[in-house]
Amino acid sequence: MDDDRFRLLVQGVLDYGIFMLDTEGRISTWNAGAERIKGYAADEIIGQHFSVFYPADDVAAGKPARELEIAVEQGRLEDEGWRVRKDGTRFWANVVITALFDERGRLRGFGKVTRDMTERRNVEQALRERRRLVGHLVEAQEVERRRIAWDVHDESIQSMVAVGMRLQLLASRLPEPHASAVGSLDESVTAAIARLRRLVSRLRPPELDRHGLVEAVSAYTDDVAGRWGLAYDVRDELTAEPSPEAAITVYRICQEALSNVHKHARATRVGVMLSTVDNGILVRISDDGVGTAGGEAGAGHFGLVEMHERAEAAHGWLSVDSTPGAGTVVEFWLPLLPDATELEP
(Lines give C-alpha, C1' and ligand atoms only; values in the text may rest on other atoms or scores of the structure.)
Protein backbone atom coordinates (compact mmCIF):
# COMPACT_ATOMS: atom_id res chain seq x y z
CA MET A 1 0.00 0.00 0.00
CA ASP A 2 2.84 2.37 0.87
CA ASP A 3 4.50 1.58 -2.46
CA ASP A 4 1.24 2.32 -4.26
CA ARG A 5 0.90 5.69 -2.52
CA PHE A 6 4.50 6.56 -3.30
CA ARG A 7 3.96 5.63 -6.95
CA LEU A 8 0.86 7.83 -7.06
CA LEU A 9 2.84 10.71 -5.54
CA VAL A 10 5.61 10.43 -8.14
CA GLN A 11 3.16 10.05 -11.00
CA GLY A 12 1.22 13.15 -9.92
CA VAL A 13 4.17 15.55 -9.52
CA LEU A 14 3.90 18.28 -12.17
CA ASP A 15 6.90 20.54 -11.48
CA TYR A 16 9.49 17.79 -11.97
CA GLY A 17 9.92 15.22 -14.69
CA ILE A 18 10.58 11.97 -12.78
CA PHE A 19 11.19 8.77 -14.71
CA MET A 20 13.27 5.61 -14.81
CA LEU A 21 15.82 4.37 -17.35
CA ASP A 22 16.96 0.80 -17.85
CA THR A 23 20.67 -0.03 -17.82
CA GLU A 24 20.98 0.95 -21.50
CA GLY A 25 19.31 4.33 -21.02
CA ARG A 26 15.89 3.46 -22.41
CA ILE A 27 12.88 5.03 -20.68
CA SER A 28 10.83 2.62 -18.59
CA THR A 29 8.52 4.88 -16.55
CA TRP A 30 7.06 8.35 -17.10
CA ASN A 31 5.23 10.77 -14.80
CA ALA A 32 2.85 13.69 -15.40
CA GLY A 33 5.60 16.26 -14.80
CA ALA A 34 7.77 14.70 -17.51
CA GLU A 35 4.84 14.85 -19.92
CA ARG A 36 4.21 18.51 -19.08
CA ILE A 37 7.88 19.53 -19.40
CA LYS A 38 8.92 17.44 -22.40
CA GLY A 39 5.62 17.13 -24.28
CA TYR A 40 5.58 13.35 -24.73
CA ALA A 41 2.75 11.12 -23.52
CA ALA A 42 3.87 7.94 -21.75
CA ASP A 43 2.90 5.62 -24.61
CA GLU A 44 4.94 7.77 -27.02
CA ILE A 45 8.21 7.83 -25.10
CA ILE A 46 8.49 4.64 -23.02
CA GLY A 47 11.01 2.34 -24.70
CA GLN A 48 12.91 5.15 -26.44
CA HIS A 49 16.46 6.09 -25.52
CA PHE A 50 16.73 9.16 -23.30
CA SER A 51 19.17 10.79 -25.75
CA VAL A 52 16.07 11.93 -27.65
CA PHE A 53 15.91 14.83 -25.15
CA TYR A 54 19.41 16.13 -26.02
CA PRO A 55 20.33 18.57 -28.81
CA ALA A 56 21.94 16.96 -31.84
CA ASP A 57 25.40 18.35 -31.11
CA ASP A 58 25.34 16.88 -27.58
CA VAL A 59 24.26 13.49 -28.96
CA ALA A 60 27.05 13.62 -31.56
CA ALA A 61 29.55 14.43 -28.79
CA GLY A 62 28.39 11.41 -26.79
CA LYS A 63 27.08 13.42 -23.84
CA PRO A 64 24.11 11.14 -22.90
CA ALA A 65 26.29 8.03 -22.65
CA ARG A 66 29.00 9.94 -20.77
CA GLU A 67 26.47 11.15 -18.20
CA LEU A 68 25.34 7.58 -17.51
CA GLU A 69 28.96 6.50 -17.10
CA ILE A 70 29.60 9.26 -14.58
CA ALA A 71 26.41 8.40 -12.69
CA VAL A 72 27.59 4.77 -12.42
CA GLU A 73 31.08 5.81 -11.28
CA GLN A 74 30.00 8.47 -8.78
CA GLY A 75 26.50 7.31 -7.85
CA ARG A 76 24.81 10.40 -9.31
CA LEU A 77 25.28 13.21 -11.77
CA GLU A 78 23.84 16.71 -11.78
CA ASP A 79 23.91 18.91 -14.87
CA GLU A 80 22.35 22.05 -16.30
CA GLY A 81 22.03 22.59 -20.02
CA TRP A 82 19.77 22.68 -23.04
CA ARG A 83 17.27 19.91 -23.61
CA VAL A 84 14.75 19.38 -26.42
CA ARG A 85 10.96 19.02 -26.18
CA LYS A 86 8.81 16.88 -28.46
CA ASP A 87 7.99 19.91 -30.65
CA GLY A 88 11.70 20.65 -31.15
CA THR A 89 11.88 23.70 -28.89
CA ARG A 90 14.69 23.95 -26.39
CA PHE A 91 14.46 24.54 -22.65
CA TRP A 92 17.11 25.02 -19.97
CA ALA A 93 17.02 22.02 -17.64
CA ASN A 94 18.45 21.00 -14.32
CA VAL A 95 18.98 17.24 -14.49
CA VAL A 96 19.88 14.73 -11.79
CA ILE A 97 20.67 11.13 -12.79
CA THR A 98 21.01 8.56 -10.00
CA ALA A 99 22.42 5.09 -10.57
CA LEU A 100 20.26 2.36 -8.98
CA PHE A 101 21.97 -0.77 -7.68
CA ASP A 102 20.46 -3.88 -6.11
CA GLU A 103 21.59 -5.44 -2.82
CA ARG A 104 24.36 -7.32 -4.67
CA GLY A 105 25.72 -4.12 -6.18
CA ARG A 106 24.46 -4.86 -9.68
CA LEU A 107 23.25 -1.90 -11.80
CA ARG A 108 19.49 -2.13 -12.30
CA GLY A 109 18.88 1.18 -14.04
CA PHE A 110 18.77 4.90 -13.40
CA GLY A 111 16.41 7.39 -11.82
CA LYS A 112 16.19 10.71 -13.63
CA VAL A 113 14.73 13.99 -12.35
CA THR A 114 14.38 16.96 -14.70
CA ARG A 115 13.28 20.49 -13.88
CA ASP A 116 12.56 23.23 -16.41
CA MET A 117 14.77 26.18 -15.37
CA THR A 118 14.24 28.32 -18.47
CA GLU A 119 12.35 31.07 -16.66
CA ARG A 120 14.94 31.27 -13.88
CA ARG A 121 17.76 31.40 -16.42
CA ASN A 122 16.02 34.18 -18.37
CA VAL A 123 15.56 36.18 -15.16
CA GLU A 124 19.21 35.68 -14.22
CA GLN A 125 20.36 36.74 -17.68
CA ALA A 126 18.12 39.83 -17.58
CA LEU A 127 19.48 40.72 -14.14
CA ARG A 128 23.05 40.18 -15.33
CA GLU A 129 22.43 42.40 -18.36
CA ARG A 130 20.84 45.08 -16.21
CA ARG A 131 23.80 45.00 -13.84
CA ARG A 132 26.16 45.26 -16.81
CA LEU A 133 24.33 48.28 -18.21
CA VAL A 134 24.12 49.99 -14.82
CA GLY A 135 27.82 49.28 -14.31
CA HIS A 136 28.66 50.90 -17.64
CA LEU A 137 26.48 53.90 -16.77
CA VAL A 138 28.15 54.31 -13.37
CA GLU A 139 31.58 54.03 -14.97
CA ALA A 140 30.64 56.63 -17.60
CA GLN A 141 29.38 58.97 -14.87
CA GLU A 142 32.64 58.66 -12.95
CA VAL A 143 34.74 59.30 -16.05
CA GLU A 144 32.71 62.43 -16.83
CA ARG A 145 32.83 63.63 -13.22
CA ARG A 146 36.59 63.18 -13.17
CA ARG A 147 36.94 65.11 -16.43
CA ILE A 148 34.79 67.99 -15.16
CA ALA A 149 36.66 68.05 -11.85
CA TRP A 150 40.01 68.28 -13.62
CA ASP A 151 38.72 71.00 -15.95
CA VAL A 152 37.35 73.04 -13.05
CA HIS A 153 40.51 72.58 -11.01
CA ASP A 154 43.05 73.15 -13.79
CA GLU A 155 41.24 75.99 -15.55
CA SER A 156 38.52 77.76 -13.57
CA ILE A 157 40.09 77.58 -10.10
CA GLN A 158 43.60 78.39 -11.30
CA SER A 159 42.33 81.37 -13.28
CA MET A 160 40.37 82.66 -10.29
CA VAL A 161 43.38 82.20 -8.00
CA ALA A 162 45.40 84.34 -10.43
CA VAL A 163 42.64 86.97 -10.41
CA GLY A 164 42.60 86.95 -6.60
CA MET A 165 46.36 87.49 -6.42
CA ARG A 166 46.11 90.46 -8.79
CA LEU A 167 43.26 91.93 -6.77
CA GLN A 168 45.32 91.65 -3.61
CA LEU A 169 48.25 93.34 -5.30
CA LEU A 170 45.98 96.08 -6.65
CA ALA A 171 44.36 96.64 -3.26
CA SER A 172 47.78 97.12 -1.68
CA ARG A 173 48.55 99.94 -4.10
CA LEU A 174 45.24 101.82 -4.00
CA PRO A 175 44.14 104.45 -1.51
CA GLU A 176 40.90 104.18 0.43
CA PRO A 177 38.03 103.73 -0.28
CA HIS A 178 39.18 102.01 -3.49
CA ALA A 179 41.39 99.55 -1.62
CA SER A 180 38.42 98.34 0.48
CA ALA A 181 36.25 97.95 -2.63
CA VAL A 182 38.92 95.87 -4.35
CA GLY A 183 39.42 93.90 -1.11
CA SER A 184 35.70 93.03 -1.10
CA LEU A 185 36.03 91.78 -4.66
CA ASP A 186 38.97 89.65 -3.57
CA GLU A 187 36.88 88.17 -0.75
CA SER A 188 34.12 87.30 -3.24
CA VAL A 189 36.66 85.60 -5.49
CA THR A 190 38.09 83.66 -2.51
CA ALA A 191 34.57 82.51 -1.52
CA ALA A 192 33.87 81.42 -5.11
CA ILE A 193 37.14 79.46 -5.18
CA ALA A 194 36.13 77.67 -1.96
CA ARG A 195 32.75 76.74 -3.46
CA LEU A 196 34.44 75.42 -6.61
CA ARG A 197 36.86 73.36 -4.55
CA ARG A 198 33.93 71.80 -2.68
CA LEU A 199 32.35 71.07 -6.07
CA VAL A 200 35.57 69.42 -7.27
CA SER A 201 35.70 67.38 -4.08
CA ARG A 202 32.14 66.16 -4.62
CA LEU A 203 32.87 65.32 -8.25
CA ARG A 204 36.12 63.49 -7.51
CA PRO A 205 37.37 63.55 -3.90
CA PRO A 206 41.14 64.14 -3.97
CA GLU A 207 41.55 62.19 -0.70
CA LEU A 208 40.34 59.05 -2.48
CA ASP A 209 43.26 59.09 -4.90
CA ARG A 210 45.82 60.40 -2.40
CA HIS A 211 45.03 58.69 0.87
CA GLY A 212 42.42 55.96 0.26
CA LEU A 213 38.79 55.21 1.02
CA VAL A 214 38.62 55.73 4.79
CA GLU A 215 40.37 59.11 4.60
CA ALA A 216 38.01 60.22 1.81
CA VAL A 217 34.87 59.13 3.68
CA SER A 218 36.17 60.71 6.90
CA ALA A 219 36.95 64.01 5.16
CA TYR A 220 33.54 64.13 3.50
CA THR A 221 31.72 63.23 6.73
CA ASP A 222 33.68 65.86 8.64
CA ASP A 223 32.81 68.49 6.04
CA VAL A 224 29.07 67.82 5.77
CA ALA A 225 28.47 66.96 9.43
CA GLY A 226 30.13 70.21 10.44
CA ARG A 227 27.95 72.23 8.08
CA TRP A 228 24.79 70.35 9.09
CA GLY A 229 25.45 70.46 12.85
CA LEU A 230 25.72 66.67 13.27
CA ALA A 231 27.92 64.83 15.73
CA TYR A 232 29.62 61.92 13.99
CA ASP A 233 32.16 59.12 14.20
CA VAL A 234 33.87 57.09 11.47
CA ARG A 235 35.21 53.67 12.44
CA ASP A 236 37.83 51.97 10.29
CA GLU A 237 37.91 48.17 10.59
CA LEU A 238 39.15 47.46 7.07
CA THR A 239 42.02 45.01 6.77
CA ALA A 240 42.84 45.94 3.16
CA GLU A 241 42.35 48.88 0.83
CA PRO A 242 39.68 48.11 -1.80
CA SER A 243 40.20 48.48 -5.52
CA PRO A 244 39.65 51.97 -6.99
CA GLU A 245 36.35 50.80 -8.54
CA ALA A 246 35.02 49.44 -5.25
CA ALA A 247 36.29 52.49 -3.34
CA ILE A 248 34.45 55.01 -5.52
CA THR A 249 31.24 52.93 -5.28
CA VAL A 250 31.47 52.85 -1.47
CA TYR A 251 32.18 56.58 -1.41
CA ARG A 252 29.19 57.45 -3.64
CA ILE A 253 26.77 55.33 -1.58
CA CYS A 254 28.07 56.95 1.61
CA GLN A 255 27.55 60.38 0.02
CA GLU A 256 23.94 59.60 -0.83
CA ALA A 257 23.22 57.96 2.53
CA LEU A 258 24.61 60.94 4.46
CA SER A 259 22.64 63.31 2.23
CA ASN A 260 19.47 61.37 3.11
CA VAL A 261 20.29 61.73 6.82
CA HIS A 262 20.50 65.50 6.36
CA LYS A 263 17.32 65.75 4.26
CA HIS A 264 15.00 63.32 6.01
CA ALA A 265 16.26 61.99 9.36
CA ARG A 266 16.22 65.06 11.63
CA ALA A 267 19.12 63.37 13.42
CA THR A 268 21.70 64.75 15.85
CA ARG A 269 24.31 62.03 15.36
CA VAL A 270 25.49 59.77 12.54
CA GLY A 271 27.95 56.90 12.59
CA VAL A 272 29.87 55.30 9.72
CA MET A 273 31.64 51.95 10.08
CA LEU A 274 33.72 50.29 7.37
CA SER A 275 34.88 46.71 7.88
CA THR A 276 36.14 43.68 5.99
CA VAL A 277 33.59 40.84 6.05
CA ASP A 278 33.31 37.69 3.90
CA ASN A 279 36.06 38.79 1.52
CA GLY A 280 34.27 42.08 0.92
CA ILE A 281 33.59 45.52 2.32
CA LEU A 282 30.71 45.96 4.76
CA VAL A 283 29.61 49.53 5.44
CA ARG A 284 27.07 50.51 8.09
CA ILE A 285 25.68 54.06 8.31
CA SER A 286 23.37 54.69 11.28
CA ASP A 287 21.61 57.76 12.65
CA ASP A 288 19.50 58.62 15.69
CA GLY A 289 16.80 60.36 13.67
CA VAL A 290 13.03 60.01 13.56
CA GLY A 291 13.02 56.85 11.43
CA THR A 292 10.04 55.73 9.38
CA ALA A 293 7.46 52.98 9.44
CA GLY A 294 7.56 50.17 6.91
CA GLY A 295 11.20 49.12 7.27
CA GLU A 296 12.83 50.91 4.33
CA ALA A 297 13.19 54.65 4.78
CA GLY A 298 12.25 56.65 1.74
CA ALA A 299 11.24 53.63 -0.35
CA GLY A 300 10.96 54.66 -3.98
CA HIS A 301 13.10 57.75 -3.42
CA PHE A 302 15.50 58.29 -6.32
CA GLY A 303 18.53 58.45 -4.01
CA LEU A 304 17.66 55.11 -2.43
CA VAL A 305 17.10 53.54 -5.85
CA GLU A 306 20.50 54.82 -6.97
CA MET A 307 22.17 53.37 -3.87
CA HIS A 308 20.60 49.96 -4.52
CA GLU A 309 21.63 50.07 -8.19
CA ARG A 310 25.22 51.03 -7.39
CA ALA A 311 25.54 48.18 -4.89
CA GLU A 312 23.96 45.62 -7.22
CA ALA A 313 26.04 46.80 -10.19
CA ALA A 314 29.12 46.06 -8.06
CA HIS A 315 27.66 42.54 -7.37
CA GLY A 316 26.82 43.40 -3.77
CA TRP A 317 23.69 44.18 -1.76
CA LEU A 318 22.18 47.04 0.21
CA SER A 319 19.50 47.12 2.91
CA VAL A 320 17.78 49.92 4.80
CA ASP A 321 16.26 49.30 8.22
CA SER A 322 14.24 52.16 9.72
CA THR A 323 12.08 52.24 12.85
CA PRO A 324 9.95 55.19 14.00
CA GLY A 325 11.75 56.98 16.81
CA ALA A 326 14.79 54.71 16.63
CA GLY A 327 16.61 56.03 13.57
CA THR A 328 17.75 54.41 10.34
CA VAL A 329 20.54 52.00 9.44
CA VAL A 330 21.86 51.74 5.88
CA GLU A 331 24.03 48.66 5.42
CA PHE A 332 25.69 47.49 2.25
CA TRP A 333 28.32 44.96 1.19
CA LEU A 334 30.52 44.83 -1.90
CA PRO A 335 32.87 41.98 -2.85
CA LEU A 336 36.56 42.75 -3.05
CA LEU A 337 36.63 40.88 -6.35
CA PRO A 338 33.57 40.55 -8.63
CA ASP A 339 32.15 37.11 -9.30
CA ALA A 340 33.69 35.95 -12.55
CA THR A 341 30.38 34.41 -13.64
CA GLU A 342 28.76 37.84 -13.45
CA LEU A 343 31.31 39.25 -15.87
CA GLU A 344 30.47 36.86 -18.70
CA PRO A 345 29.17 38.66 -21.80
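Reference entry: report on the structure contained in this document.

## Some points on the overall build of the protein
Phase 1: Tallying secondary structure elements over the protein gives 11 helices and nine strands in all.
Phase 2: Relative to the compact-globule value of 20 Å for 345 residues, the protein shows a C-alpha radius of gyration of 32 Å, a clear excess of over 25%.
Phase 3: Projected onto the principal axes, the alpha-carbon positions of the protein cover approximately 110 × 45 × 35 Å.
Phase 4: Burial status across the protein gives 39% buried among its 345 residues.
Phase 5: Counting only carbon and sulfur atoms, one obtains 54% of the accessible surface of the protein, whose full area is about 19,400 Å².
Phase 6: Once the 42 positive and 56 negative side-chain charges of the protein are each reduced to a mean point, those two points are 2 Å apart.

## A closer look at the sheet that holds strand S7 (residues 280-287)
Phase 1: Taken in spatial order, the five strands line up as S5-S6-S7-S9-S8 in an open sheet, and their pairing is mixed. Unpaired on one side and paired on the other, strand S5 (231-237) and strand S8 (317-323) mark the two borders of the sheet. Here the strands of the sheet are splayed against their neighbours by 10° on average, with no regard to which way each runs.
Phase 2: Helix H9 (residues 213-228) contacts S5 and strand S6 (269-277) of the sheet and is inclined by roughly 175° relative to S5.
Phase 3: Contacts from helix H10 (residues 244-265) reach S6, S7, S8 and strand S9 (327-335) within the one sheet, and its direction differs from that of S7 by about 10°.

## Brief notes about the side chain of Gln255
Phase 1: Within the element layout of this structure, Gln255 appears in helix H10.
Phase 2: Here Gln255 falls in the buried class, since its relative accessible area comes to 12%.
Phase 3: Only 2.9 Å separates the side chain of Gln255 from the side chain of Arg252, close enough to count as a polar contact.
Phase 4: Apart from the residues within four sequence positions on either side, Gln255 is in contact with Arg202 and Tyr220.

## What about the packing of aromatic side chains?
Phase 1: On inspection of all chains with the given rule, the structure shows seven aromatic pairs.
Phase 2: Measuring from ring centre to ring centre gives 5.5 Å for Phe50 and Tyr54, while their planes differ by 90°; the resulting arrangement is edge-to-face. With respect to burial, Phe50 and Tyr54 carry one shared label: buried.
Phase 3: Centre to centre, the rings of Trp82 and Trp92 are 5.1 Å apart; their planes meet at 85°, and the pair counts as edge-to-face. One end of the pair, Trp82, is in strand S2 (residues 76-84); the other, Trp92, is in strand S3 (residues 90-101), and 10 residues separate them in sequence.
Phase 4: Since its relative accessible area comes to 30%, Trp82 is described here as partly exposed.

## Topic: the layout of surface pockets
Phase 1: In this structure, the second largest pocket spans a volume of roughly 660 Å³.
Phase 2: Surrounding the second largest pocket, 31 residues form its lining, Val200, Ser201, Arg202, Leu203 and Arg204 being those nearest its centre.
Phase 3: Counting residues per element, the ones that place at least two in the lining of the second largest pocket are helix H6 (118-173), helix H7 (178-203), helix H8 (206-210), H9, H10 and helix H11 (302-313).
Phase 4: The biggest single contributor to the lining of the second largest pocket is H9, with seven residues.

## Looking at the pairing of S5
Phase 1: Where S5 lies against S6, seven bridges are found, and the strand directions are parallel. Looking at S6, one finds that Val234 is bridged to Val272.
Phase 2: A crossover connection joins S5 to the parallel S6 through H10; in handedness this β-α-β unit is left-handed.

## A short note on the packing of H9 against H10
Phase 1: It is at 10 Å that the axes of H9 and H10 come closest, and there the two elements cross at 15°. When the interaxial angle is binned, H9 and H10 end up roughly parallel. In the packing of H9 onto H10, the handedness of the crossing is right-handed. Residues Leu213, Ala216, Val217, Tyr220, Thr221 and Trp228 of H9 pack against Ala247, Val250, Tyr251, Cys254, Gln255, Leu258, Ser259 and His262 of H10.
Phase 2: Class assignment of the residues belonging to the contact of H9 with H10 gives a composition of 10 nonpolar, four polar and no charged.

## Remarks on the packing of H6 against H7
Two numbers describe a pair of packed helices, the interaxial angle and the distance between the axes.
Phase 1: Running from N to C, H6 and H7 cross one another at 165°; their axes reach a closest spacing of 9 Å. With respect to H7, the axis of H6 lies roughly antiparallel. Relative to H7, the crossing made by H6 is left-handed.
Phase 2: Across the contact of H6 with H7, the residue classes tally to 19 nonpolar, five polar and three charged.

Definitions and cut-offs
- Here the residue index of a chain counts from 1 through its sequence in written order.
- Thresholds applied to this predicted model are a pLDDT of at least 70 for local features of residues and 80 or more for the giving and counting of side-chain atom pairs; totals over whole chains, interfaces and linings are not thresholded and use all residues.
- With hydrogens and water excluded, all non-hydrogen atoms of the structure serve as input to the side-chain values.
- Helix and strand definitions here come from DSSP, where helices need a minimum of 4 consecutive H or I residues and strands a minimum of 2 consecutive E residues; each element is numbered from the N-terminal end.
- As defined in this context, the radius of gyration uses C-alpha atoms, and a globule is described by 2.2 Å times the residue total to the power 0.38.
- Burial status follows relative accessibility: with a 1.4 Å probe on protein chains alone, a residue under 20% of its type maximum counts as buried, one over 50% as exposed, and anything between as partly exposed.
- Per-residue accessibility takes into account occlusion by the displayed protein chains alone, with areas from the Shrake-Rupley method and a 1.4 Å probe.
- This count recognises Lys and Arg as positive and Asp and Glu as negative, with His and chain-terminal groups excluded.
- A charge is said to be at NZ when it belongs to Lys, at CZ for Arg, at CG for Asp and at CD for Glu.
- Pairs of strands are assigned from DSSP output, requiring at least two bridges between the strands.
- Inter-axis angles, ranging from 0 to 180 degrees, are taken between N-to-C directions of lines fitted to C-alpha atoms, where helices are fitted over the stretch in contact.
- Any pair of residues with heavy atoms lying within 4.5 Å of one another is described as a contacting pair.
- Any N or O atom pair separated by 3.5 Å or less is treated as a polar contact, with the protein-specific requirement of one donor-capable and one acceptor-capable atom, and with residues adjacent in sequence counted only for side-chain atom pairs.
- Aromatic pairing here means that ring centres of Phe, Tyr or Trp (its six-membered ring) are within 6.5 Å. Orientation follows from the plane angle: under 30 degrees is stacked, over 60 is edge-to-face, and everything else is tilted.
- Cavity means a closed set of points on a 1 Å grid over the protein atoms alone, one where a 1.4 Å probe fits but cannot get out, pocket means an open set with protein on both sides within 12 Å along at least 5 of 7 lines, and lining means a residue has an atom within 4 Å of a point.
- Grid points are joined across faces, edges and corners, and a volume is the space filled by probe spheres set on the points.
- For the handedness criterion, the strands are oriented away from the viewer, and a crossover whose path from the first strand over the helix to the second runs clockwise is classed as right-handed.
- In these notes the angle categories are as follows: under 35 degrees is roughly parallel, over 145 is roughly antiparallel, 65 to 115 is roughly perpendicular, and the rest is oblique.
- Two helices cross in a left-handed way if the nearer one is turned anticlockwise from the farther one by less than a right angle. They cross in a right-handed way if the turn is clockwise.
- By the convention adopted, Pro, Cys, Tyr, Trp, Phe, Met, Ile, Leu, Val and Ala count as nonpolar, Lys, Arg, Asp and Glu as charged, and the other residues, Gly among them, as polar.

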